[in-house]
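# Descriptive structure summary
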Amino acid sequence: MLAIASPGSLVTIAGASLSVIGWIGYATANPNLSLPTIFYGIPILLGGLALKSSELPPASLLPASPEAVELRQAPASQTLRKLVKDVTRWRYGQKAHLESSLETLKLWDEDAPPQLLSVEELASEGRYGVAMRFRCEGVPYARWIEKQERLGRFFDKGLRAQLSEPGPGEVLLQLLPAAA
């Protein structure tokens, strides 16, 4: 159901509907109906198809613990809240979520970029944290380990990164508050 509700799908459906109405108007010799709907419908349909060809669906947002929900609104959580909001929306023209961040961190492979599978909000030491699960066949786990210290600082000061390998070709990145 999520895929049909994407902006690209909605624009494609609207364009296709207008085009069909226009062709029906043309077939029934109704120029007042056929001309505008065909002339607007076809470009809208093509725009929708272009969006569909470059769309990146949002990462799955796993249910948060009650503690994390309470901590989410704390001022110190603002950067991580923005991160969660960014990766749980439709993206266009990108190969993967956090593409520019992963490129900057040298955790990018052009042929097989890391794909964000899911995001989970956490509570750790009374502060808000985020766990992100990546599928990354092109970037070895050893390279993620090399960048572990920089990962936390990259997203916000006062964060630390914890990495684990939950399965083959997967990396679990937890951004947690640094020890006080």
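It should be emphasised that the depicted structure is a prediction, and the values quoted were computed from it without experimental measurement. (Residues numbered from 1 in each chain as written. Predicted model: local features only at pLDDT ≥ 70, side-chain atom pairs only at ≥ 80, totals over all residues. Heavy atoms only, no water.)

## Regarding unusual backbone geometry
Definition in use: Under the scheme used here, helices are H or I runs from DSSP no shorter than 4 residues and strands are E runs no shorter than 2 residues, and both carry numbers assigned from the N terminus. Only protein chains enter the accessibility calculation, which uses a 1.4 Å probe. A residue is then buried if its area is under 20% of the maximum for its type, exposed if over 50%, and partly exposed in between.
The backbone of Ala29 shows a phi angle near 55°, a positive value even though the residue is not glycine. Structurally, the position occupied by Ala29 is in the loop between α1 (7-27) and α2 (31-53). Of note in the backbone geometry, Lys106 takes a positive phi value of approximately 60° without being a glycine. With respect to the secondary-structure elements, Lys106 resides in the loop between α5 (99-104) and β4 (115-124). Given the relative accessible area of 53%, Lys106 is considered exposed.

## Considerations on helix α4 (residues 78-87)
Two residues of an α-helix separated by three or four positions point the same way, owing to the 3.6 residues in each turn. The line we're drawing: Directions from the helix axis toward the C-beta atoms define the arc. In what follows, a contact means two residues having at least one pair of non-hydrogen atoms within 4.5 Å.
Leu80, Leu83, Val84 and Val87 are the residues of α4 that are buried. Taken down its axis, α4 places every buried residue within 95° of arc, on the same side. Set apart from the buried face of α4 by more than 90 degrees, the exposed residues are Lys82 and Lys85. Buried positions along α4 lie against β2 (60-61), β4, β5 (127-135), α7 (148-155), β6 (159-164) and β7 (170-177).

## Here we look at the pairing of β7
To keep it simple, the criterion reads: Between any two strands, at least two bridges found by DSSP are needed for them to pair.
The buried fraction of β7 amounts to 7 of the 8 residues, a majority that puts the element mostly inside the structure. Two elements, β5 and β7, share 6 bridges in a ladder whose sense is antiparallel. Paired with Phe134 across the bridge in β7 is Val171. Here β6 pairs with β7 via 6 bridges, running antiparallel. Residue Ser164 lies in a different strand from β7, and its bridge partner there is Leu172. With antiparallel pairing between neighbouring strands as the criterion, β6 and β7 make up a hairpin whose turn holds 5 residues, including Gly169 at a positive phi of roughly 75°.

## Section: the packing of aromatic side chains
Geometrically, a pair of aromatic rings is defined through the distance of the ring centres and the angle of the planes. Defined as follows: Paired rings are identified among Phe, Tyr and Trp, the last through its six-membered ring, by centres lying within 6.5 Å, and are further divided according to the angle between planes into stacked (under 30 degrees), edge-to-face (over 60) and tilted (the rest).
Across all of its chains, the model carries 3 aromatic pairs by this definition. Arranged with centres 5.9 Å apart and planes meeting at 85°, the rings of Trp23 and Tyr26 form a pair that is edge-to-face. Of this pair, Trp23 and Tyr26 both sit in helix α1, 3 residues apart, which is roughly one turn of that helix. Overall, the relative accessible area of 47% leaves Trp23 in the partly exposed class. Considering the side-chain rings of Phe154 and Phe155, the 5.3 Å spacing of their centres and the 90° angle between planes classify their relative orientation as edge-to-face. Taking relative accessible area as the criterion, Phe155 reaches 15% and is therefore assigned buried.

## Some words on the pattern of salt bridges
Put simply, the rule reads: Salt bridges are defined by distance alone: a side-chain nitrogen of Lys or Arg within 4 Å of a carboxyl oxygen of Asp or Glu.
A complete count under the given rule lists 9 salt bridges for this structure. In this structure, Lys52 engages Glu55 in a salt bridge whose closest nitrogen and oxygen atoms are separated by 2.6 Å. Under the relative-accessibility criterion, Lys52 is labelled partly exposed at 31%. With a relative accessible area of 16%, Glu55 lands in the buried category. Note that Arg91 is salt-bridged to Asp86, the shortest N-O span being 2.3 Å.

## Some remarks on a nonpolar patch on the surface
The condition is simple: Each patch is built from salt-bridge-free residues with over 30% relative accessible area, joining like charges within 9 Å and nonpolar side chains (Val, Leu, Ile, Met, Phe, Trp, Tyr) within 5 Å. Only the protein chains shown count as cover for residues, with accessible areas throughout obtained via the Shrake-Rupley method and a probe of 1.4 Å.
On the surface, Trp23, Tyr26, Ile42, Leu46 and Leu49 cluster together into a nonpolar patch covering about 540 Å² of accessible area. Residue assignment for the nonpolar patch shows that the elements contributing at least two residues are α1 and α2. At 3 residues, α2 tops the list of elements feeding residues into the nonpolar patch. On the secondary structure map, Leu49 appears in helix α2.

## As for the sheet that holds β6
Adjacent strands of a sheet form backbone hydrogen bonds with each other and so pair up, either parallel or antiparallel. Where we set the bar: What counts as an axis is a line fitted to C-alpha atoms, over the stretch in contact for a helix, and the angles between N-to-C directions run from 0 to 180 degrees.
Pairing in this open sheet of 5 strands is mixed, and the strands run β2-β4-β5-β7-β6 from one edge to the other. Every other strand in the sheet has two partners, leaving β2 and β6 as the edge strands with one partner each. With respect to the sheet, α4 is in contact with β2, β4, β5, β6 and β7, its orientation differing from that of β5 by roughly 35°. Sheet strands touched by α7: β6 and β7. Its angle to β6, the strand with the most contacts, is close to 135°.

The values reported here are purely geometric and, on their own, carry no functional implication.
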